[in-house]
Amino acid sequence: MKEDNSEKTPSESAEEKEEKAFLALSAIPLGLCLGVCYGVVFDNLALGIGLGLCFGAAFSAIAAKRNQKDEKQPDTGQTRQEKIQVQTADTDRNEG
């Protein structure tokens, strides 16, 4: 049986960073591909290319900003969803 090692090794952290960077870099080409498909289907290629470029660039910027924010925060061993739940619970506690 394999042991479940919950600790992250530095190599896993580097692999995760590479995966996130790849997602941010591949957003524009994917947006262009989808935009060209849209343009061909609706017989308006110029609009499809423009929309694809805009949405790809926006998604790339959002992904890059999210990666930057994750790098600035210290690693507490929590997932993003757990951090959001803790922040929400703290806000609810302060309001009530």
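For the structure itself, look to the data block above.
Just so it is clear, the structure is predicted and the values come from calculations on it, not from any experiment.

### Concerning the overall build of the protein
Then step 1. A count of helical and extended segments in the protein gives 4 helices and 0 strands.
Then step 2. Along the chain direction, N to C, the helices and strands of the protein fall in the order α-α-α-α.
Then step 3. Burial analysis of the protein (96 residues in total) assigns 12% to the buried set.
Then step 4. If you take every contact in the protein between residues at least 6 apart in sequence, the share linking residues at least 24 apart comes to 42%.
Then step 5. With an accessible surface of roughly 8,200 Å², the protein has 59% of that area assigned to carbon and sulfur atoms.

### Describing a nonpolar patch on the surface
Then step 1. A surface patch of nonpolar side chains, amounting to about 620 Å² of accessible area, comprises Tyr-38, Val-41, Phe-42, Leu-47, Leu-51 and Phe-55.
Then step 2. Put simply, the parts of the chain that give the nonpolar patch at least two residues each are α2 (27-41) and α3 (45-72).
Then step 3. Among the elements that make up the nonpolar patch, the one with the highest residue count is α3 (3 residues).
Then step 4. On the secondary structure map, Leu-51 appears in helix α3.

### A closer look at the side chain of Ser-60
Then step 1. Mapped onto the fold, Ser-60 is located in helix α3.
Then step 2. Judged by its relative accessible area of 15%, Ser-60 falls in the buried class.
Then step 3. If near-sequence neighbours (up to four positions away) are discounted, Ser-60 is found in contact with Ala-24, Ala-27 and Ile-28.

### As for the packing of aromatic side chains
Given two aromatic rings, their pairing is described by the distance between the two centres and the angle made by the two planes.
Then step 1. A full pass over the atoms with the stated rule returns 1 aromatic pair.
Then step 2. Consider the rings of Tyr-38 and Phe-42, whose centres lie 4.7 Å apart with planes at 45°: the pair is tilted.

### A look at unusual backbone geometry
Then step 1. A positive phi angle is found at Asp-43, which is not glycine, with a value near 55°.
Then step 2. Mapped onto the elements, Asp-43 comes out in the loop between α2 and α3.

### What to know about the environment of Phe-59
Then step 1. Mapped onto the secondary structure, Phe-59 falls in helix α3.
Then step 2. Relative accessible area serves as the criterion here: at 42%, Phe-59 is assigned to the partly exposed category.
Then step 3. Apart from residues lying up to four places away in sequence, Phe-59 is in contact with Leu-23 and Ala-27.

### A look at the environment of Ala-24
Then step 1. Along the chain, the position of Ala-24 falls in helix α1 (residues 10-25).
Then step 2. As a C-alpha pair, Ala-24 and Phe-59 span 35 residues in sequence and 7.4 Å in three-dimensional space.

Definitions and limits used
- Residues numbered from 1 in each chain as written.
- Predicted model: local features only at pLDDT ≥ 70, side-chain atom pairs only at ≥ 80, totals over all residues.
- Heavy atoms only, no water.
- Helix = DSSP H or I, 4+ residues; strand = E, 2+ residues; numbered from the N terminus.
- Buried < 20%, exposed > 50% of the residue type's maximum accessible area, 1.4 Å probe, protein only.
- Contact = heavy atoms within 4.5 Å.
- Areas by Shrake-Rupley, 256 points an atom, 1.4 Å probe, with all protein chains shown as cover.
- Patch = residues over 30% accessible without salt bridge, like charges linked within 9 Å, V, L, I, M, F, W, Y side chains within 5 Å.
- Salt bridge = Lys/Arg side-chain N within 4 Å of Asp/Glu carboxyl O.
- Phe/Tyr/Trp six-rings, centres within 6.5 Å; stacked < 30°, edge-to-face > 60°.

Shape descriptors only; they carry no functional weight alone.
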